[in-house]
Amino acid sequence: MAAPTCEDGAIQVGSVSTITGPVDFSDGPKGAKAVFDQINEAGGISGCKIEYTMADDKADPQVAAQAARDLIDNKNVVALAGGASLLDCAVNAATYKRNGVLSVQGVGVDPMCFNAPSVSPVNVGPYTLTTAMLDYADKELKDEKLCAFFIILGGTQEAYAAAVARWEKMSGKKIHLIDMTLPLQGDLTPYLIKARDNGCDAVLTNQVEPGVVQMINTADAQKIEGIDWLFLASGYTEGVAKALPNTKQPVYLGTEWEPYTEANEANGDWMKTMDKAGLPKTAFSQGGYLAAKVLADTIASIEGPVTRESVSAKLMEGKAMKYPIAGSEYVFGDAAKHAPMQATKVMKLNAGKWEPISKDWYVLPAAE
């Protein structure tokens, strides 16, 4: 039977991630490495081993560019998989395209991850999740006056504005209030008072863990009632849950994959893989795991030599790939931009624990 071959030795795969610097996204590439290590221990893909290189961009554009060049020119990677970075896509997407290298991004963060022909993330991403959570508040929570407060870092303002506009077009409704001046640090009281005084039924923000806790504590301190608080996957942490055991505020957020706090069948293989590798079970590691699965299955489908060209050709075919851990089929394909993942599971905070509101995926209508 025809199968992938690797006469020149191990198949080279890499990723560019933010590992040191302002944030540590290393769970993403570590999750990918755990998958590749497991494949190698089992004899490889039709005997072909995978050598995986995790490059650290340190959240520095120049370092990110150098890391990409090293992977392409010196490591001769056939593709990238499992990267999780603040700026890899923005800095390197054009370089990947010029060199015929495709990136199955583990955790797409910056807008270019979802707007480049050379990158297709396995995560839903903050912009699609913005649309999804507004849609959920409108359709399921029956909130009428939806408000959104965003922290704007780098070139994200246009992407968040487009995400809100997508919901407006889908729903035929208008956002009640939008504010793009939310601070990364500082007093949130004026924003909560603004939401209250403007009659917001729901408030969506893109806060990360400390900001989520601060916002809900501020809402409690101000004795605010009658607002549904909506967050993105960046707020889905055990730290947030443990910090807010007594709040009565209704707190909701959307996941990027099967909720990582749930020990269920859909998470089974990922959990076993992380346990075997001695890695923490986090949402970021889900992204790395899934990206590695996608690339490994793509390589396994190649007949003949595994090269940069043959891997890219297979990914560009656009075959839909389904995994229990994700709510959408993953597709790379030949397109100007990629955002294949359009499904979330909505979680609600209840007495210091995250609980899925329903067993089913909340799927966003396809973007036009």
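Residues numbered from 1 in each chain as written. Predicted model: local features only at pLDDT ≥ 70, side-chain atom pairs only at ≥ 80, totals over all residues. Heavy atoms only, no water.

**Remarks on the environment of Thr237**
Stage number 1. With respect to the helices and strands, Thr237 occurs in the loop between strand S9 (228–231) and helix H8 (238–243).
Stage number 2. Note: C-alpha distance between Thr237 and Ile72 (165 residues apart in sequence) is 35 Å.
Stage number 3. If near-sequence neighbours (up to four positions away) are discounted, Thr237 is found in contact with Glu209, Tyr260 and Trp354.
Stage number 4. At 2.7 Å, the side chain of Thr237 and the side chain of Glu209 are in polar contact. (Helix = DSSP H or I, 4+ residues; strand = E, 2+ residues; numbered from the N terminus. Contact = heavy atoms within 4.5 Å. Polar contact = N/O pair within 3.5 Å; in protein donor to acceptor, adjacent residues only side chain to side chain.)

**Quick look at the layout of surface pockets**
One water molecule sets the probe size; rolling that probe over the atoms shows where empty space is left.
Stage number 1. Approximately 1,200 Å³ is the volume found for the largest pocket.
Stage number 2. Lining the largest pocket we find 44 residues, and of these Phe25, Val109, Val208, Ser234 and Phe284 sit closest to its centre.
Stage number 3. Those elements giving two or more residues to the lining of the largest pocket turn out to be helix H4 (126–139), helix H7 (209–221) and helix H10 (283–300).
Stage number 4. The element best represented in the lining of the largest pocket is H4, accounting for three residues.
Stage number 5. Here the lining of the largest pocket is composed, by residue class, of 26 nonpolar, eleven polar and seven charged. (1 Å grid on protein atoms, 1.4 Å probe; cavity = no way out; pocket = protein on both sides within 12 Å on 5 of 7 lines; lining within 4 Å. Points joined across faces, edges and corners; volume = space filled by probe spheres on them. Nonpolar A, V, L, I, M, F, W, Y, C, P; charged D, E, K, R; others polar.)

**A closer look at the sheet that holds strand S3 (residues 50–56)**
Two strands in a sheet stick together by hydrogen bonds in their backbones, pointing the same way (parallel) or opposite ways (antiparallel).
Stage number 1. Spatial strand order, S3-S2-S4-S5: four strands in an open sheet with parallel pairing. For this open sheet the edge positions go to S3 and strand S5 (103–104), each flanked by a neighbour on one side alone.
Stage number 2. As paired elements, strand S2 (residues 11–17) and strand S4 (residues 79–81) share two bridges and run parallel to each other. If you follow Val13 over to S4, its bridge partner there is Ala79.
Stage number 3. Lying on the sheet, H10 is in contact with S2, S3, S4 and S5; it crosses S4 at an angle near 145°. (Pairing = 2+ DSSP bridges. Axes fitted to C-alpha atoms, helices over the stretch in contact; angles between N-to-C directions.)

**Thoughts on the sheet that holds strand S10 (residues 251–254)**
Stage number 1. Strand order in the open sheet made by the seven strands is S7-S6-S8-S9-S10-S13-S14, with mixed pairing throughout. The open sheet terminates on both sides in strands that have one partner only, identified here as strand S7 (177–179) and strand S14 (353–356). Strand-to-strand twist of the sheet, defined as the mean angle between neighbouring strand axes without regard to direction, takes the value 25°.
Stage number 2. Note that strand S8 (residues 202–205) and S9 share three bridges and pair parallel. Counterpart to Val203 in the pairing with S9 is Trp229.

**Here we look at the pairing of S2**
Stage number 1. For S2, the tally of buried residues reaches seven of seven residues, placing the bulk of the element in the interior.
Stage number 2. Judged by which residues are buried, S2 turns out to be covered on both faces: Ile11, Val13, Ser15 and Ser17 on one side and Gln12, Gly14 and Val16 on the other are all buried.
Stage number 3. With seven bridges connecting them, S2 and S3 associate as parallel partners. Residue pairing in the sheet places Val13 in a bridge with Tyr52 of S3.
Stage number 4. You can see the chain leave S2, run along helix H1 (residues 27–41) and come back into S3, and the turn it takes is right-handed. (Buried < 20%, exposed > 50% of the residue type's maximum accessible area, 1.4 Å probe, protein only. Right-handed = clockwise from strand over helix to strand, strands pointing away.)

**A look at the pairing of S14**
Stage number 1. Summarising the sheet, strand S13 (residues 346–350) and S14 pair through four bridges and their orientation is antiparallel. Bridge pairing in S14 places Leu349 opposite Trp354.
Stage number 2. Linkage of S13 to S14, two consecutive antiparallel strands, is achieved through a turn of two residues, within which Ala351 is found at a positive phi near 50°.

**So, the state of the cysteines**
Stage number 1. Within the structure shown, the criterion is met by three disulfides.
Stage number 2. Bridging Cys89 to Cys113, the disulfide has an S-S length of 2.1 Å. What sets the handedness of the Cys89 and Cys113 disulfide is the S-S torsion sign, and at about 95° it is right-handed. Of this pair, Cys89 sits in helix H3 (residues 88–98) while Cys113 sits in the loop between S5 and H4; the two residues are 24 residues apart in sequence, bridging distant segments of the chain.
Stage number 3. Given a relative accessible area of 0%, Cys113 falls into the buried group.
Stage number 4. In this model Cys147 forms its disulfide with Cys200; the gap between the sulfur atoms is 2.1 Å. Of note, the bridge from Cys147 to Cys200 carries an S-S torsion of about -95° and is left-handed in sense. Taken together, the residues span a long stretch of sequence, with Cys147 in strand S6 (residues 146–149) and Cys200 in the loop between helix H6 (189–197) and S8 at a distance of 53 residues. Per residue, the accessibility class of Cys147 equals that of Cys200, and both read buried.
Stage number 5. Once the disulfide-bonded cysteines of the protein chain are ranked by sequence position, their pairing pattern turns out to be 1-2, 3-4, 5-6. (Disulfide = S-S within 2.5 Å.)

**A closer look at a nonpolar patch on the surface**
Stage number 1. On the surface, a cluster of nonpolar side chains totalling about 270 Å² of accessible area is made up of Leu153, Leu184 and Val208.
Stage number 2. The topology assignment puts Leu153 in the loop between S6 and helix H5 (157–171). (Patch = residues over 30% accessible without salt bridge, like charges linked within 9 Å, V, L, I, M, F, W, Y side chains within 5 Å. Areas by Shrake-Rupley, 256 points an atom, 1.4 Å probe, with all protein chains shown as cover. Salt bridge = Lys/Arg side-chain N within 4 Å of Asp/Glu carboxyl O.)

**Quick look at the packing of helix H2 (residues 61–74) against H3**
Stage number 1. Running from N to C, H2 and H3 point in directions that differ by 25°, and their axes come no closer than 9 Å. Viewed along their axes, H2 and H3 adopt a mutual orientation that is roughly parallel. The handedness of the crossing between H2 and H3 is right-handed. Contacts between H2 and H3 involve Pro61, Ala64, Ala65, Ala68, Arg69 and Ile72 on the former and, on the latter, Val91, Asn92, Thr95 and Tyr96. (Parallel < 35°, antiparallel > 145°, perpendicular 65-115°, else oblique. Left-handed = near helix turned anticlockwise from the far one by under 90°.)

Note that every value here comes from positions in space, so none of it alone points to a role or purpose.
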